[in-house]
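Understanding the architecture of this molecule
What follows is each chain in one-letter form.
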Amino acid sequence: MARSSLKRYKGTFYLDNNIVLRSIADGNSSRLSKLLGRKSPGLQPQDLVRPLLEAVRLGQEKCVKDLLNAKADPNGALEDGKTPLYLLVEVGGAKPVILRHLLEAGADPNKKTGAQQWTPLHMAAKRGYQVCLKALLTAGAWVDCPDSHNNTPLMVAANHGHETLVRTLLLE
């Protein structure tokens, strides 16, 4: 008999994140959609933050879309403060489709993360991701946003030798 995706705690049903995370890891968006469709009435957008971050980390575009459609918070973060948008840029080049889904769902391109207080634009400038950088700028990312050491994305791009990004940022 299949294990239920809904568990009972103090008289309330909640979504079993282990099954949700397994569906994301497997890239099984149809199973994820079914699980999200059976969610309990008390499920909050912040309850879907960990699954959304995992889907972003793994580059599971359909799972990201399903979670956002289920009202996962696109600006939610865990203990380290990393948002889905920041994580997408950090883990290896923002996949344009996932980037678009997050921005359309209301992800804040200016939300600062961690002790350094970097934004996704700082990370794109560090990594040299031109397409991502342009998408973030189009979405309203602040070019002159300082981090905790007063470094702007322009300074980060220059320090990492990304001349094309420096030109793009100077034109903004």
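Described in the following lines is the structure provided in the data block. Because the structure is a prediction, the values reported are computed rather than measured.

Moving on to helix H2 (residues 29-37). Within H2, the full set of buried residues consists of Ser 29, Leu 32, Leu 35 and Leu 36. Buried residues of H2, seen end-on, are gathered within an arc of 115° and therefore sit on one face of the element. Within H2, the exposed residues directed more than 90 degrees away from the buried face are Lys 34 and Gly 37.

This part takes up the side chain of His 101. Relative to the helices and strands, His 101 is located in helix H6 (residues 96-104). With a relative accessible area of 10%, His 101 lands in the buried category. Among residues more than four places away in sequence, those in contact with His 101 are Glu 61, Lys 65 and Leu 68.

Glancing now at the packing of helix H8 (residues 130-138) against helix H10 (residues 163-171). Remark: H8 packs on H10, axes separated minimally by 10 Å, with the N-to-C direction vectors making an angle of 15°. Between H8 and H10, the crossing angle belongs to the class labelled roughly parallel. Between H8 and H10 lies a crossing whose hand is right-handed. Between H8 and H10, the residues in contact are Gln 130, Leu 133, Lys 134 and Leu 137 and Thr 164, Leu 165, Thr 168 and Leu 169, respectively. By residue class, the composition of the contact of H8 with H10 is four nonpolar, three polar and one charged.

Definitions and cut-offs
- Residues numbered from 1 in each chain as written.
- Predicted model: local features only at pLDDT ≥ 70, side-chain atom pairs only at ≥ 80, totals over all residues.
- Heavy atoms only, no water.
- Buried < 20%, exposed > 50% of the residue type's maximum accessible area, 1.4 Å probe, protein only.
- Helix = DSSP H or I, 4+ residues; strand = E, 2+ residues; numbered from the N terminus.
- Arc of directions from axis to C-beta.
- Contact = heavy atoms within 4.5 Å.
- Axes fitted to C-alpha atoms, helices over the stretch in contact; angles between N-to-C directions.
- Parallel < 35°, antiparallel > 145°, perpendicular 65-115°, else oblique.
- Left-handed = near helix turned anticlockwise from the far one by under 90°.
- Nonpolar A, V, L, I, M, F, W, Y, C, P; charged D, E, K, R; others polar.

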